[in-house]
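Each chain, written out:
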Amino acid sequence: MVRAFGNVARQEYAAVGIRLALHPMADLATEPRWGRINGTFGEDAHLSAQMTKAYVLGFQGDSLGPKSVACMTKHFAGGGPQKDGEDAHFPYGKEQVYPGDNFDYHLVPFIEGAFPAKTAQIMPYYGIPIGQTHEEVAFGFNKAIVTGLLRDSLGFDGVVCTDWNIINPGGIDVDRAWGVEELSPEQRTLKALEAGCDQFGGESSPEHIVSLVKSGQISENRIDRSVRRILRDKFLLGLFDNPFVDIDESSNVTGREEFVKLGKEAQAMSTVLLQNDGLLPLQSSMKIYLHGVEDSNAFAKYAEIVNSPDQADVVVFRLNTPFDPRDEYFLEGFFHQGRLFYSEEELTDILELIQDKPAIAVVNLERPAVLTPIREKVRSLMVEFGTSDEVLAALIFGDSKPQGRLPFELPSSWEAVLDQLEDVPYDSENPLYPFGYGLTYR
């Protein structure tokens, strides 16, 4: 299914002229507080490797060619083990830590997934891999990582493009030159080039490179190596042969009916049933009260929708993963970070809603939420990763069966989250549900 997704996205991207994808994320969700877990395939390195490989093959095919969309797999050498779960977009999250001495585990999705699939490009992350190289600088400036590990040890000769805004001030929020903050933009450019990078994400400052060459600090041959790698991808993609888009064909390809059908199938397959005491699937004769549902018509196809819990036979409510709202930086609004437990106020609202009624909780998991107090009060518990109301209603009423499995364990308490190690998978004490858990209907 992942390869089918990649193939569908490839066709739609190419139809509108997008020929490079800044994904997949081969990072691992070993730190449950990290705000980018929703972009990963979970915490198991070998499963994530299989998914990453299928993803890249779907976008690129067996080799890069005129029908491909090139993949820039990220974030080498594995984003995810962020200290205290804080993201490296922000100064307080610039450290990646390895208290479990598990650096190599985070390489597995690249070694077993992205590289066998011949990913065209690689993006390093912002963070500093603490204690892993002779100098404490971010991946994009780190020669031991980009040249020593990626180029020399692992033999990657594709394009390496830095993450965005690590060179010049004036980007979004801050310039993320972690470990080399004291260097000038020109000096940062030199250090990234010497590390082995070919391209600078989100930057437009060729004057730095021209100045470095004219002053003799870097050779034209070094610049040519990067130019050759970038041009090679463009030639293989056929961009010099036919750079134009067929506008009429674009509208015929994007949003095609069979593509939408596959998307709904993927949503249904990924939805995970965690608890069910026989309530599901619901009978169509029931009266249901909905909370947190945007498309009530999706449920009205199956049962009578009532206006209050008192009138209902069953309450169906949707929840999001809890987090701490932050507003110091603009991008914090896009990264839900901090706590994974529901506050007392949030829990009171939820429990008042269901009271003595049989309840079905459906939680969207951006990150591994602490669902212990929710599970104790509901008869059925489901989690999802972007399932629409239409697909969810079909699952709840038995038109389809849940068959997903958890891509990461769900911790039983916040204390268990705080005690686990950032770089180690499935290591929280007495998890509420283990990695790989999932039920279905008989």
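From a predicted model like this one, the values you see are computed outputs, not experimental measurements. (Residues numbered from 1 in each chain as written. Predicted model: local features only at pLDDT ≥ 70, side-chain atom pairs only at ≥ 80, totals over all residues. Heavy atoms only, no water.)

K.L.:
Please explain the side chain of threonine 119 as it appears in this structure.
P.N.:
In this fold, threonine 119 is placed in the loop between helix 3 (108-114) and strand 4 (121-124). Among the residues examined, threonine 119 registers a relative accessible area of 5% and is labelled buried. A polar contact is formed between the side chain of threonine 119 and the backbone oxygen of cysteine 71, at a distance of 3.1 Å. Reaching out from threonine 119, the side chain makes a polar contact with the backbone oxygen of glutamine 121 at a distance of 3.2 Å. Beyond its immediate stretch of four places on either side in the chain, threonine 119 contacts Val56, Gln60, Cys71, Thr73, Ala114 and Phe156. (Helix = DSSP H or I, 4+ residues; strand = E, 2+ residues; numbered from the N terminus. Buried < 20%, exposed > 50% of the residue type's maximum accessible area, 1.4 Å probe, protein only. Polar contact = N/O pair within 3.5 Å; in protein donor to acceptor, adjacent residues only side chain to side chain. Contact = heavy atoms within 4.5 Å.)

K.L.:
Which parts of the structure should I look at to understand the sheet that holds strand 6 (residues 159-160)?
P.N.:
Picture the strands of a sheet paired through backbone hydrogen bonds; they go either parallel or antiparallel. The four strands lie next to each other as 1-2-4-6, forming an open sheet whose pairing is parallel. Sheet topology places strand 1 (20-21) and strand 6 at the edges, where each strand pairs with a single neighbour. The pairing of strand 1 with strand 2 (residues 70-76) spans two bridges and is classified as parallel. Residue pairing for strand 2: leucine 20 is matched across the bridge by alanine 70. (Pairing = 2+ DSSP bridges.)

K.L.:
So what exactly am I meant to see when it comes to the packing of helix 9 (residues 257-270) against helix 13 (residues 389-396) here?
P.N.:
Geometry of a packed helix pair, given as the angle between the helix axes and the separation of the axes. Between helix 9 and helix 13, the least distance of the axes is 10 Å, while the angle of their chain directions is 50 degrees. By the angle between their directions, the pair helix 9 and helix 13 is classed as oblique. The interaxial crossing formed by helix 9 with helix 13 has right-handed handedness. Here Lys264, Gln267 and Ala268 of helix 9 come into contact with helix 13, specifically with Glu390, Val391 and Leu395. (Axes fitted to C-alpha atoms, helices over the stretch in contact; angles between N-to-C directions. Parallel < 35°, antiparallel > 145°, perpendicular 65-115°, else oblique. Left-handed = near helix turned anticlockwise from the far one by under 90°.)

K.L.:
Could you clarify how one ought to interpret a nonpolar patch on the surface in this entry?
P.N.:
Taken together, Val227, Leu231, Phe235 and Phe240 make up a surface patch of nonpolar side chains, about 370 Å² in accessible area. Along the chain, phenylalanine 240 turns up in the loop between helix 7 (220-236) and helix 8 (247-253). (Patch = residues over 30% accessible without salt bridge, like charges linked within 9 Å, V, L, I, M, F, W, Y side chains within 5 Å. Areas by Shrake-Rupley, 256 points an atom, 1.4 Å probe, with all protein chains shown as cover. Salt bridge = Lys/Arg side-chain N within 4 Å of Asp/Glu carboxyl O.)

K.L.:
Looking at this structure, I do not really get the sheet that holds strand 11 (residues 359-364). What am I missing?
P.N.:
Taken together, the six strands give an open sheet; going across it, the order is 7-12-11-10-8-9, and neighbouring strands pair in mixed fashion. Unpaired on one side and paired on the other, strand 7 (272-276) and strand 9 (304-305) mark the two borders of the sheet. Packed on one face of the sheet, helix 11 (residues 344-354) meets strand 8 (287-291), strand 10 (314-320) and strand 11 and runs near 160 degrees to strand 10.

K.L.:
Can you help me understand the packing of aromatic side chains in this one?
P.N.:
Both the distance between ring centres and the angle between the ring planes are used here to describe each pair of aromatic rings. Throughout the structure, instances matching the rule amount to 22 aromatic pairs. Chaining the aromatic ring pairs together yields one cluster made of Phe5, Tyr13, Phe41, Tyr55 and Phe59. Over the ring of phenylalanine 341 we find arginine 339; its NZ or CZ atom is 5.9 Å from the centre of that ring. (Phe/Tyr/Trp six-rings, centres within 6.5 Å; stacked < 30°, edge-to-face > 60°. Lys NZ or Arg CZ within 6 Å of the ring centre and 35° of its normal.)

K.L.:
I'm lost on the nonpolar core in this one. Help?
P.N.:
Across soluble globular proteins, nonpolar side chains have a tendency to be buried as a group. Within the largest apolar cluster, 69 residues are counted, with the highest numbers of intra-cluster contacts made by Phe76, Phe141, Phe317 and Leu371. Residue assignment for this core shows that the elements contributing at least two residues are helix 3, helix 4 (143-153), helix 5 (185-195), strand 7, strand 10, helix 11, strand 11 and strand 12 (380-384). Formed by 25 residues, the second largest nonpolar core is a distinct cluster that contains Leu290, Val293, Phe299 and Tyr302. (Core = buried A, V, L, I, M, F, W, Y, C linked by side-chain atoms within 4.5 Å.)

K.L.:
Would you mind showing me how to read the pairing of strand 12 here?
P.N.:
A regular strand places its side chains on the two faces of the sheet in alternate fashion. Counting buried positions along strand 12 yields five of five residues, so the element is predominantly enclosed. Here strand 12 shows no split at all, with Ser380, Met382 and Glu384 on one side and Leu381 and Val383 on the other all buried. As defined by bridge partners, strand 7 adjoins strand 12 across four bridges and the pair is classed as antiparallel. Bridge pairing links leucine 273 to methionine 382 in strand 12. Of the pairings in the sheet, the one linking strand 11 to strand 12 comprises five bridges and is parallel in character. Residue pairing for strand 12: valine 362 is matched across the bridge by methionine 382.

K.L.:
Where do I start with helix 7 in this structure?
P.N.:
In an α-helix, one full turn covers 3.6 residues, which means residues spaced three or four apart are oriented alike. For helix 7, spanning 17 residues, the distance from its first C-alpha to its last is 24 Å, which sits close to the expected 24 Å at 1.5 Å a residue. For helix 7, the complete set of buried residues consists of Arg222, Ile223, Ser226, Arg229, Ile230 and Asp233. Around the axis of helix 7, the buried residues are gathered within 125 degrees of arc, so they sit on the same side. Exposed and facing more than 90 degrees away from the buried side of helix 7 are Glu220, Asn221, Arg228 and Phe235. Of the surrounding secondary structure, the elements contacted by the buried residues of helix 7 are strand 4, helix 4, strand 6, helix 5 and helix 6 (206-214). Looking at the residues trailing helix 7, positive phi occurs at glycine 238, about 80 degrees. (Expected span 1.5 Å × (residues − 1). Arc of directions from axis to C-beta.)

K.L.:
Help me understand helix 11, please; the structure alone is not making it clear to me.
P.N.:
Of all the positions in helix 11, only Leu347, Ile350, Leu353 and Ile354 are classed as buried. For helix 11, the angular spread of buried residues about the axis comes to 125 degrees, placing them on one side. The outward face of helix 11, more than 90 degrees from its buried face, is lined by the exposed residues Glu344, Glu345 and Glu352. Buried residues along helix 11 sit in contact with strand 8, strand 10, strand 11 and helix 12 (372-375). Downstream of helix 11 by one or two residues, glutamine 355 has phi in the positive range, about 45 degrees.

K.L.:
Sorry, what's going on with the pattern of salt bridges here?
P.N.:
Oppositely charged side chains are able to pair whenever their charged atoms sit close together. In the structure shown here, the tally under the stated rule is 19 salt bridges. Arginine 33 serves as the salt-bridge partner of glutamate 31, at 2.8 Å between the closest nitrogen and oxygen. In terms of burial, glutamate 31 and arginine 33 fall into one category: buried. Counted as one network, the salt bridges with shared partners bring together Arg151, Asp157, Asp198, Arg229 and Arg232.

K.L.:
Please clarify how the environment of aspartate 295 should be interpreted in this entry.
P.N.:
Counting through the fold element by element, aspartate 295 comes out in the loop between strand 8 and helix 10 (297-300). For aspartate 295 and glutamate 390, which are 95 residues apart along the polypeptide, the C-alpha to C-alpha distance reads 7.5 Å.

K.L.:
Looking at this structure, I do not really get unusual backbone geometry. What am I missing?
P.N.:
Apart from glycine, the bulk of residues carry a negative phi angle, and the bulk of peptide bonds sit in the trans form. For the bond running from lysine 74 to histidine 75, omega is 0 degrees, close enough to zero to count as cis. Along the polypeptide, histidine 75 turns up in strand 2. In this chain, leucine 280 is followed by proline 281 through a cis amide linkage whose omega measures -5 degrees. Positive phi outside glycine occurs at aspartate 101, with the angle close to 50 degrees. Tracing the backbone shows aspartate 101 in the loop between strand 3 (95-96) and helix 3. Positive phi, normally seen in glycine, also occurs at tyrosine 426, with a value near 30 degrees. With respect to the helices, strands and loops of the structure, tyrosine 426 is situated in the segment after helix 14 (414-419).

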